[in-house]
Amino acid sequence: MANIKIVTDSSITIEPEVVEEYGITIVPLSVMVDGVLYSDSELGEGDFLRLMQSSKNLPKTSQPPVGVFAEIYEDLALDGSHIVSIHMSHALSGTVEAARQGATLSGADVTVIDSGFTDQAMKFQVVEAAKLAKEGADLDTILARIEEVKEKTELYIGVSTLENLVKGGRIGRVTGLLSSLLNIRVVMEMKDHHLEPIVKGRGNKTFKKWLDELVEKLSHSKVAEIGISYAGTPEWANEMKAQLQSLVEKAIPVLETGSIIQTHTGENAFAVLVRYQ
């Protein structure tokens, strides 16, 4: 039986030690800030936020070139391995399509999957797949587990301004919001590759009220794990963790999201990612 290797893209928010433990390959996207191109993989914690705060224009993100995917797949397949490549939703980026083209070009044995999510919601699928691969599970078992995790995952994202979503052209994918309402607090849920607003208002009480409602909802559910990601400072993220931790046995990671997500959400955004048992 062929060995199976797991690949994803840098829109994932994941602990470096987990990447190392399970041998996960992360293909970096790029971000251009005032004419200077940075690989997502070379930016440390807080680096991109400082760049974005001082930039004259909204940074521009770009997916990995098809050729980069092809080279990575070729290298990983030299020992005869099968590759499972899991990427962010096609509604957010063309990365998954570039991966498919790269797989065809490489001639390697690759299964490309649209996670339907990004950030730590995508991490849930990637880590579960990587655990099974490390245990020697076959391809069908891994693919079935990825689908099961996807079906049991929810992604919530809160933004303090719609400005970046508007400028980045993502507002058209957020149904039910007026682009003129830039300075409002909005919480959205990602469903079927679309961001759907579920709460909107002014002031931080908007987020606090939503969190209270989420805690109530999850208290009546069997939760396997929760992740919290943030753009900017972690204070609110840590407040959320304090309220949510009692609902799940596994420690909730609070992680800074990468430059790709921060570009579109702007500063003081957050995400709460939930996987049910």
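Residues numbered from 1 in each chain as written. Predicted model: local features only at pLDDT ≥ 70, side-chain atom pairs only at ≥ 80, totals over all residues. Heavy atoms only, no water.

Looking at an unreviewed UniProt entry, the protein chain carries the name EDD domain protein, DegV family, with the source organism given as Streptococcus parasanguinis.

**Student:** Help me out: how do you make sense of the sheet that holds strand 7 (residues 110-114) in this one?
**Tutor:** Two orientations exist for strands paired in a sheet by backbone hydrogen bonds: parallel and antiparallel. Spatial strand order, 2-1-6-7: 4 strands in an open sheet with parallel pairing. Each edge of the open sheet carries a strand with a single partner, namely strand 2 (25-27) and strand 7. Each strand axis lies, on average, 25° off the axis of its neighbour in the sheet, ignoring direction. As paired strands, strand 1 (residues 4-9) and strand 2 are joined by 3 bridges and run parallel to one another. The partner of Thr-8 across the bridge, within strand 2, is Ile-26. Along the sheet, helix 5 (residues 119-135) contacts strand 1 and strand 6 (82-87); its crossing angle with strand 1, the most-contacted strand, is approximately 165°. (Pairing = 2+ DSSP bridges. Helix = DSSP H or I, 4+ residues; strand = E, 2+ residues; numbered from the N terminus. Axes fitted to C-alpha atoms, helices over the stretch in contact; angles between N-to-C directions. Contact = heavy atoms within 4.5 Å.)

**Student:** Honestly, the pattern of salt bridges in this entry has me stumped. Any pointers?
**Tutor:** Two side chains carrying opposite charge are able to pair once their charged atoms lie near each other. According to the stated counting rule, one finds 14 salt bridges in the structure shown. The salt bridge involving Lys-123 is made with Glu-15; its shortest N-O contact spans 3.3 Å. A residue pair is termed long-range when its members are at least 10 positions apart, and Lys-123 in helix 5 and Glu-15 in the loop between strand 1 and helix 1 (16-22) qualify at 108 residues. Here Glu-15 falls in the buried class, since its relative accessible area comes to 15%. Ionic contacts of the salt-bridge type, sharing partners, join the residues Glu-128, Lys-131, Arg-145, Glu-148, Lys-152, Glu-225, Lys-250 and Arg-275 into one network. (Salt bridge = Lys/Arg side-chain N within 4 Å of Asp/Glu carboxyl O. Buried < 20%, exposed > 50% of the residue type's maximum accessible area, 1.4 Å probe, protein only.)

**Student:** Honestly, the domain arrangement of the protein chain in this entry has me stumped. Any pointers?
**Tutor:** The parts lose accessible area when they come together, and the size of an interface is often stated as this lost area. Per the domain assignment, the segments of the protein chain are domain 1 (4-151) and domain 2 (152-276). The C-alpha centroid of domain 2 is placed 21 Å from the C-alpha centroid of domain 1. Taken together, the contacts link 40 residues of domain 1 with 33 residues of domain 2. Here domain 1 packs against domain 2, burying approximately 3000 Å² in sum over the two surfaces, 60% of which is carbon and sulfur. Considering only the side of domain 1, the residues that lose the most area to domain 2 are Leu-58, Gln-120 and Phe-124, jointly responsible for 20% of the buried surface there. Between the two partners, domain 1 and domain 2, sit 2 salt bridges. A salt bridge links Arg-275 to Glu-128; the nearest nitrogen and oxygen atoms lie 3.8 Å apart. Counting across the interface, domain 1 meets domain 2 through 11 residue pairs in polar contact (both at pLDDT 80 or more). Of all the elements in the fold, those that place two or more residues in the side of domain 1 that touches domain 2 are strand 3 (30-33), helix 2 (47-54), helix 5 and helix 6 (139-151). Per-element tally for the side of domain 1 that touches domain 2: the top contributor is helix 5, with 6 residues. (Domains from an automatic or database assignment. Buried area = accessible area lost by both parts, 1.4 Å probe. Polar contact = N/O pair within 3.5 Å; in protein donor to acceptor, adjacent residues only side chain to side chain.)

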